[in-house]
Amino acid sequence: FESRFVSIFCFSTTQVVEAAVANSMLWLLVGCVLAVDVGCVWSVATPSETSEDARELGEALEAGDECRAGSSDSGQQSCGLSAVQLRGQRRSHLGTESGYEAAPAHKVGWMQSERCAGTELHELAFVVCPKSLAQLQEVALDRTNPSSPNYRKWLSRTEVSDLTRNEQGLLELRAHLRAHAPEAGILHASRDGDLLRVLAPVATWESLLSTEFFVYKHEEHNSTILRSNNYLLPGALKEHVSGVLQAINFEQFIPTTMPGIDLNTGSRDTQQPFSSASFGWANFTELQASKGPSLVSPTKLRTIYSMPAIAERGSDLAKVQAKTSQVVYGTLSQHWSPSDRTRFEEPFGIPQDNYVKQLKGQTEGFSMSGDAMCRQNPSDCAEANLDVQYMMAMSPWTQIGYWYVPKADEHGMYTFLNDFMAQFVDDDHPPQVISISYGMPEYLVSKSALVLFETLAMKLALQGTTILVASGDDGAASFLARKKLHGEECWSVPLIGLQVSWPSSSHWVTSVGATVGPASGQPEVVCQSNYTGPSTDGEAPLITSGGGYSHKVPKPAWQEGIHNESSRGVPDLSLLGHNFAMVIGGRWRSVDGTSASAPVLGGMLSLINSELIAAGRPTVGFLNPLLYATSSKSIFSDVTEGDNRCASLGAPCCGGYDAGPGWDPVTGLGSIDWQKLRDAIMASQF
């Protein structure tokens, strides 16, 4: 399944906006925010420019030339400069101040209407910098470094709070609001003060942030939202506040089909509404007969990855595994079905004693489960069922939770970040493994949102939590490759370049790609939608594994010497992601997706966590530094065949990368052997 915080920031013209609106998208985050310097400084990867580049950019700036879709035969841009570069140069020429963030002139689907009434109430959230970002990073890097004597000596919740809580910053922010925004009321402060939610009249925000708020109306959905085109933090706040959420971001949820499964006929060319008469197979035996040897099941995964047998009910091993915890993330009205889970587990001898815990955060989040919904519309259960069924299948005795954030609306990104913090970061005992099968093209993420997530993920890493994120299902160009502009595909590439998926590109997560082959005894190759070789029994996958290089996250220390780019490369590793057997709406079906790969790895790590806990040792935690260590290279099976040039469903092919020896931006370091990974972790010094 495609990673699905589907969004678009407009870095181009009204035509791009109109074309994007004409194509249905998922979580349409439209606030095109310029990354600027803020109070707590994070290093952000930026493309290098030659003197000739600078000259051309300057000339284009003066002429107002902005790239349109299209490219030359050589593959280079056919215009003076990209929209991103142009706006960056304009910002530089205008001498943009620290603490300034701006939305673009065009917002996808959102049309500016009248000025907001000054008395209308509006909620903003101030992102507060950690007490000492440098110290936080230093400790986190030290505790996750296999060469450090402090490796995996995780901190307690209280110790993390002591390290990060910016009491002085919170006091100054509150004092400034009392003095300059007396009408403002504080709705909620996160436990560590990372986020301060405040409600005030629009006139108050306009005065405080040197801006104007307007009513924006959505062209298709008749919804309205209050937003500004830019804002400037007061000078007194810049040292302690990195940015503001809910000021310049424009979000809207629009449902679309999922590329990893056709819930009707299975054809990549036909995606029709659900029909119970033609949907799926009655049992696993029928599905297996239809799909052939490439069909993936929990039993086959255990064999391929050298995993141990399921622990016997009531055994000491089962009891210690029950002390571990794992969580899958869900949104977009995705339900999981208890009866589907039971039906799925029966053919494979998976114990059904364990149950999925319902999680609820401090925002609107709540778990979604229900058999009736999955039978009425299986597309509302496909992603959630896949994640729950396979994470539990890999480690059935582990405590499991389904963390649900409501379907993305105009507050989608805000809700995700707020609930992620409330549910996990502010918890005394966060889960040991979190698997996320959703994402968005990275350039859509504002710096304020990125800074907040990096801080939250780093805090979880310090407590021994592993975060796994699917790398995406549309190759190197992201889902935007499938959205046409004036009938042209691949329009996004000359404008913004190839795009990795976020939060898969975060420094503090393990990005998981997808492969095919071993299920049918064939060589392991990239899971790509234009492949029809023996590794897939001649049936092309519905998705292409995502990967590439970040435009915003610098190269981590653990990737030094791995590739020549200056930014974070993804994925980190890959597992099978094609032809997974699962139950949806009481019927058996096979699906594709990196969102199959990620929860499988999550279950694998829970088994290793149980052995660590039994030995009185800390949990796995942030995995990447160990994966990239020279001593760990033997745990991987290198994948050297295939590429990620094409989007899901076979087209278009907008460019990408080839798999090759060693790490590559298609399958990462390759696929793992569970036993070897377990041995490497158990052999580490702590």
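Analysis parameters
Residues numbered from 1 in each chain as written. Predicted model: local features only at pLDDT ≥ 70, side-chain atom pairs only at ≥ 80, totals over all residues. Heavy atoms only, no water. Axes fitted to C-alpha atoms, helices over the stretch in contact; angles between N-to-C directions. Helix = DSSP H or I, 4+ residues; strand = E, 2+ residues; numbered from the N terminus. Parallel < 35°, antiparallel > 145°, perpendicular 65-115°, else oblique. Left-handed = near helix turned anticlockwise from the far one by under 90°. Contact = heavy atoms within 4.5 Å. Nonpolar A, V, L, I, M, F, W, Y, C, P; charged D, E, K, R; others polar. Expected span 1.5 Å × (residues − 1). Buried < 20%, exposed > 50% of the residue type's maximum accessible area, 1.4 Å probe, protein only. Arc of directions from axis to C-beta. Salt bridge = Lys/Arg side-chain N within 4 Å of Asp/Glu carboxyl O. Core = buried A, V, L, I, M, F, W, Y, C linked by side-chain atoms within 4.5 Å. Disulfide = S-S within 2.5 Å. Phe/Tyr/Trp six-rings, centres within 6.5 Å; stacked < 30°, edge-to-face > 60°. Lys NZ or Arg CZ within 6 Å of the ring centre and 35° of its normal. Pairing = 2+ DSSP bridges.

A few words on the packing of helix 13 (residues 382-394) against helix 17 (residues 594-614). At a closest axis distance of 7 Å, the pairing of helix 13 and helix 17 adopts a crossing angle of 30°. Judged by the inter-axis angle, helix 13 sits roughly parallel to helix 17. You can see that helix 13 and helix 17 cross each other, and the crossing is right-handed. For the pair formed by helix 13 and helix 17, the contact residues are E383, L386, D387, Y390, M391 and M394 on the first element and S595, A596, P599, V600, G602, G603, M604 and L607 on the second. Split into classes, the residues belonging to the contact of helix 13 with helix 17 amount to 9 nonpolar, 3 polar and 2 charged.

Turning our attention to the environment of A125. Relative to the elements of secondary structure, A125 occurs in strand 4 (residues 121-128). Along the backbone, A125 and I186 are 61 residues apart, and their C-alpha atoms lie at a distance of 9.6 Å.

With that settled, the discussion passes to helix 6 (residues 167-180). Between its terminal C-alpha atoms helix 6 stretches 20 Å, which fits the 20 Å expected from 14 residues at 1.5 Å a residue. Within the span of helix 6, buried status applies to G169, L170, L173, H176 and L177. Projected onto a plane normal to the axis of helix 6, the buried residues spread over an arc of 130° and lie on a single side. Facing away from the buried surface of helix 6 by more than 90 degrees, the exposed residues are R178 and A179. The secondary structure elements touched by the buried residues of helix 6 are strand 4, strand 6 (195-201), helix 7 (202-208) and strand 10 (241-245).

A pair can form between side chains of opposite charge whenever their charged atoms are brought close. Inspection of every chain in the model, using the stated rule, returns 16 salt bridges. Residue D428 pairs with R191 through a salt bridge whose shortest N-O separation is 2.8 Å. Of this pair, D428 sits in the loop between helix 14 (412-425) and strand 15 (433-436) while R191 sits in the loop between strand 5 (185-189) and strand 6, and the two are 237 residues apart along the sequence. The shortest N-O distance in the salt bridge between E539 and K291 comes to 3.5 Å. Here K291 lies in helix 8 (residues 284-291) and E539 lies in the loop between strand 20 (525-526) and strand 21 (548-554), a separation of 248 residues in the sequence.

One finds L301, Y390, F420, F580, L601, M604 and L627 to be the most contacted residues of the largest nonpolar core, which totals 115 residues. In terms of residue count, the dominant contributor to this core is helix 15 (residues 447-462) (10 residues). The contacts of L601, once residues within four sequence positions are left out, are L468, V512, L573, L575 and I672.

Attention shifts here to the state of the cysteines. Enumeration over the complete set of coordinates arrives at 2 disulfides. Here C490 pairs with C654 through a disulfide, and the sulfurs are 2.0 Å apart. Residues C490 and C654 are joined through a disulfide that is left-handed, its torsion about the S-S bond being -80°. Pair noted here: C490 is in the loop between strand 17 (466-470) and helix 16 (492-496) and C654 is in the loop between strand 26 (636-637) and strand 27 (671-672), with a separation of 164 residues, a long-range link. The exposure class of C490 is buried, given its relative accessible area of 18%.

Let us now look at the packing of aromatic side chains. Within this structure, the stated rule accounts for 14 aromatic pairs. Residues W558 and Y628 carry aromatic rings whose centres are separated by 5.2 Å and whose planes lie at 35° to one another, so their mutual orientation is tilted. Of this pair, W558 sits in the loop between strand 21 and strand 22 (567-570) while Y628 is found in helix 18 (residues 624-628), placing the two residues 70 residues apart along the sequence. Taken together, the aromatic side chains of F284, F344, F348, Y390, F580 and W588 make up a single cluster linked through ring pairs. Sitting over the ring of F214, R115 keeps its end group 5.7 Å from the ring centre.

It is worth spelling out the sheet that holds strand 8 (residues 224-228) at this point. Pairing in this open sheet of 3 strands is antiparallel, and the strands run 3-7-8 from one edge to the other. Single-partner strands in this sheet number two, and they are strand 3 (110-115) and strand 8. Adjacent strand axes in the sheet meet at a mean angle of 40° when their direction is disregarded.

In this structure, P571 follows V570 across a cis peptide bond, with omega equal to 0°. The topology assignment puts P571 in the loop between strand 22 and strand 23 (573-576). In this structure, the amide linkage connecting A651 to the following residue, P652, adopts the cis form with an omega of 0°. Looking at where P652 falls in the secondary structure, it is placed in the loop between strand 26 and strand 27. Within the chain, S478 stands out as a residue other than glycine whose phi angle is a positive 70°. Within the secondary structure, S478 is located in the loop between strand 17 and helix 16. Judged by relative accessible area, S478 falls into the buried class, the value being 8%.

This part covers the sheet that holds strand 6. The strand order 5-6-4-10 describes an open sheet built from 4 strands, whose pairing is antiparallel. The open sheet has two free edges, formed respectively by strand 5 and strand 10, since each of these has just one partner strand. Between one strand axis and the next, the sheet turns by 25° as a mean value, whatever way the strands run. Of the pairings in the sheet, the one linking strand 4 to strand 6 comprises 7 bridges and is antiparallel in character.

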